[in-house]
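So the chains spell out like this:
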Amino acid sequence: MEFSFGTNWSNYARAVGDIFGPLLAAEGVIAFFLESVFVGVLIFGRNRVSPRMYWLSALLVFIGGHLSAFWIIVANSWMQTPAGYTVDAAGRIALTSFADAVFNPSMPVRFIHTVLAAWMTGAVMVAGIAGYYVRKGLHGQTARTMLTIGIVLFALTPVLQLGAGHMHAIEVINMQPEKAAALEGHFVTSRGAPLYALGWVDTARETTYGIYVPKLLSFLYNFDFNSEIKGLRDFPKAHWPPVNLVFQAYHVMVGIGMLAIALGLLGAFLLVTGRLYRARGYLFILPFLIPLPHLAHETGWMTAEIGRQPWIIYGLMKTADASSVVVSAGNVLFSLVMFSLIYLLLFVMFVTLCVKLVKQGPAS
Amino acid sequence: METIQNFQILWYALIFVLLLGYSLLDGFDLGVGSLLPFLGRDREERDTLIHSIGPVWDGNEVWLITGGGALFAAFPQAYATAFSGFYVAMMLVLFALIFRAVSMEFRAHDPARAGLWEKALVAGSAVATLLFGVALGNVIYGVPLDPRMEYTGDFLTLLRPVPLLFGLTGLAAVLLQGAAWAVMKTEGALQQRAFRAVRVLLWINAAVAILYFIVMAAAFPGLTDRPLFYAGALLTLLGLVGLFFSVRRQNDVAPFWESSCSFIGLWLAAGAAQFPNLIKASNDPRLSLTIFNSSTGLHTLQVMSVIALIGMPIVIGYTVFVYRIFKGKTRPSDAY
């Protein structure tokens, strides 16, 4: 990824080196080193360090991972809501305030939203694997402890995510109204805008079909059923993202979030009432939930990135103007095909080895 | 001298140090990976070799990531020109590094195909090493550029004799670095084989280095006026001579430092030939990308300097700390 800004997006790199480069470099110096150096202790150092040092290494990897997420989200949020810059006479983007660039308007809520999604992914992973062990009666107390920790986090993170997602949606309505309108297939600026549960956007006819709750979008925006939400028609068509794709990606993400809230709270209820370890139906479902947070991650990023189109830097630079001048379409296709094949291979290996490791179980 | 020029020179030096650090640290990982079938005769020996780099290769690779980020932050024009211009080569580097990285883990967890993953480790390590040297040789020796700072050559342009010599020199140095690391981390028959590898690679490095310094002196007018070039040649000479004697004495630890010393000498000569260019234009020197015409603004360089000068000493501090945890010979318990 860090290389791809140079290889595939060299015009972008030339334009934003002043701001975007430092964010990536800061991520390397402040976060990535910490995570990568201490992960070596975690994997290989168990017999070389004291339990206390081993725990500290885990903590440092945890901190490094979060700092990494912070700088990456800073960089991406700057592309969504750029700040702390001026455009000079030559059209180059120059840094005026590093603090403003880092704490750009959408960064804080997007950081919280992303980290909560990562925690939720981890919670469901742990709960899913532990659910399988407990249902099969494997690994005794270890599995039950895993399950308890997993379920507590699975109950908390989706509920917290509801709040964070809500704040993020308000931020998008305020900062990127075209994207917000695309999320709900909202074409005409109106008061009392509806919220869709499911739907289909016919962009050509500028109509959205589906199941919706009247006025709910307006209400969620600022707790007023008659607040005004801008529609896509207020913006030039050339600045619309692919509306239906964004709508669908967004609704898949939200749907998974709602399902997670329900199932997480159900798990917490079973835990509190002392029935969790015997709830065979619930334990059976848990492992099958593992892919869902990943899917929510992907569709969430699709919403953020496709929803921003046609801009690579919102309002400042078009994606079409950002690509490398000297790289031929054939070369891009070659690398795309190669990356797809390699990642497919890695994915198959990952799943196969994960299943194998889960079946092996923890060392007793 | 203007203030911004001081920062441009500082950032040339910092990126130089990051890439040098990368070549020394990930250099021994890549060297061990490339030499795996020659040093490790059986499964157990190859386990030991991989476990000797296992705890540290990930952190070592971050030197490259940070070097790339620093290049983007300080000299985005050079970053954009080189990375897009050398597109196919860069992609091959990335594929090689991906396979190098995953093959070690997959080999441990997928014993049925361990042989295949070992081949991926060897190929990934060697290909990445060779291409790094060739890429560096090209930006130093010069490539055709247009007035918009874009590369106008193709993949074959990269494979001219002088850049290829850089690639071979780098490969030889990395193999020596890997063999010297193996000497430090292993014992018994495996270590004796590593000593033999160091002896052979010592002569190969001596031959390649002589060629490298002669070709450098001939290919870069004015280089022979720069003291840094001679300092580099001297360091390489001292490193290799020291290595010759410590191998005869069967010293465990010294060969690694002497190999590193020799490698640093090669880098100093490369820096002496390059500065203040970042990417030399072979068609017209006025089109060259220098540290002065391709940097970011003063404010960015200042902010970055604060982050780097506070952050890097901390990074180096805990990196040394973790290396000390794994000090001494690799143990069977240092496993995945």
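Each value, and the rule that gives it
- Residues numbered from 1 in each chain as written.
- Chains lettered and ligands numbered in written order.
- Predicted model: local features only at pLDDT ≥ 70, side-chain atom pairs only at ≥ 80, totals over all residues.
- Helix = DSSP H or I, 4+ residues; strand = E, 2+ residues; numbered from the N terminus.
- Buried ≥ 20, exposed ≤ 12 C-beta atoms within 10 Å, placed from the backbone.
- Contact = placed C-beta atoms within 7 Å.
- Domains from an automatic or database assignment.
- Pairing = 2+ DSSP bridges.
- Axes fitted to C-alpha atoms, helices over the stretch in contact; angles between N-to-C directions.
- Parallel < 35°, antiparallel > 145°, perpendicular 65-115°, else oblique.
- Left-handed = near helix turned anticlockwise from the far one by under 90°.
- Nonpolar A, V, L, I, M, F, W, Y, C, P; charged D, E, K, R; others polar.

## A closer look at the overall build of chain B
So, point 1. What chain B contains, in helices and strands, is 11 helices and 2 strands.
So, point 2. Starting at the N terminus and ending at the C terminus, chain B contains elements arranged as α-α-α-α-α-α-α-α-α-α-β-β-α.
So, point 3. Over its C-alpha atoms, taken along the principal directions, chain B stretches across nearly 55 × 40 × 35 Å.
So, point 4. Scored against the burial criterion, the 336 residues of chain B give a buried share of 57%.
So, point 5. Sequence-distant contacts, at least 24 apart, represent 78% of the contacts inside chain B between residues at least 6 apart.

## Some details on the overall build of chain A
So, point 1. Each helix and strand counted, chain A has 13 helices and 8 strands in total.
So, point 2. For chain A, with 364 residues in total, the buried portion stands at 42%.
So, point 3. The contacts in chain A between residues at least 6 apart in sequence include a share of 69% that link residues at least 24 apart.

## Re the domain arrangement of chain A
All names here are of chain A.
So, point 1. The domain architecture assigned to chain A consists of domain 1 (15-89) and domain 2 (106-326).
So, point 2. Listed by partner, the interface residues are 11 residues for domain 1 and 15 residues for domain 2.
So, point 3. The greatest single-element share of the side of domain 1 that touches domain 2, amounting to 8 residues, is contributed by helix α4 (residues 51-80).

## So, the interface of chain A and chain B
So, point 1. Each side of the interface is counted separately: chain A has 48 residues, and chain B has 53 residues.
So, point 2. Counting only elements with at least two residues in the side of chain A that touches chain B, the list comes to α1 (4-7), α2 (10-16), α3 (20-44), β2 (93-95) and α13 (329-360) of chain A.
So, point 3. Here the side of chain A that touches chain B gets 19 residues from one element, more than from any other, and that element is α3 of chain A.

## Looking at the pairing of strand β4 (residues 195-202) of chain A
So, point 1. Alignment of β4 of chain A against strand β5 (residues 207-213) of chain A, held across 7 bridges, turns out to be antiparallel. Within β5 of chain A, the residue paired with Gly199 of chain A across the bridge is Gly210 of chain A.

## Some words on the packing of helix α1 (residues 3-39) of chain B against helix α11 (residues 298-325) of chain B
Residue and element names in this part refer to chain B.
So, point 1. Viewed as axis vectors pointing N to C, α1 and α11 meet at an angle of 45°, and their least axial separation amounts to 10 Å. Classified by the angle their axes make, α1 and α11 are oblique. Relative to α11, the crossing made by α1 is left-handed. Contact with α1, carried on its side by Thr3, Ile4, Phe7, Leu10, Trp11 and Leu14, involves Leu298, Leu301, Gln302, Ser305 and Ala308 of α11 and no other residues of that element.
So, point 2. Considered class by class, the residues forming the contact of α1 with α11 number 8 nonpolar, 3 polar and no charged.

## Some points on the environment of Ile279 of chain B
All names here are of chain B.
So, point 1. By secondary structure assignment, the location of Ile279 is in strand β1 (residues 277-279).
So, point 2. For Ile279, a count of 26 C-beta atoms within 10 Å corresponds to the buried category.
So, point 3. Other than its neighbours up to four places away in sequence, Ile279 contacts Ala78, Thr81, Ala82, Val139, Val143, Leu145, Ser288 and Leu289.

## Quick notes on the environment of Trp181 of chain B
Residues and elements named next belong to chain B.
So, point 1. Counting through the fold element by element, Trp181 comes out in helix α7 (residues 161-185).
So, point 2. Separated by 25 residues in sequence, Trp181 and Leu156 have C-alpha atoms that sit 34 Å apart.
So, point 3. Beyond its immediate sequence surroundings of up to four residues, Trp181 is in contact with Phe28, Gly31, Val32, Ser52 and Phe256.

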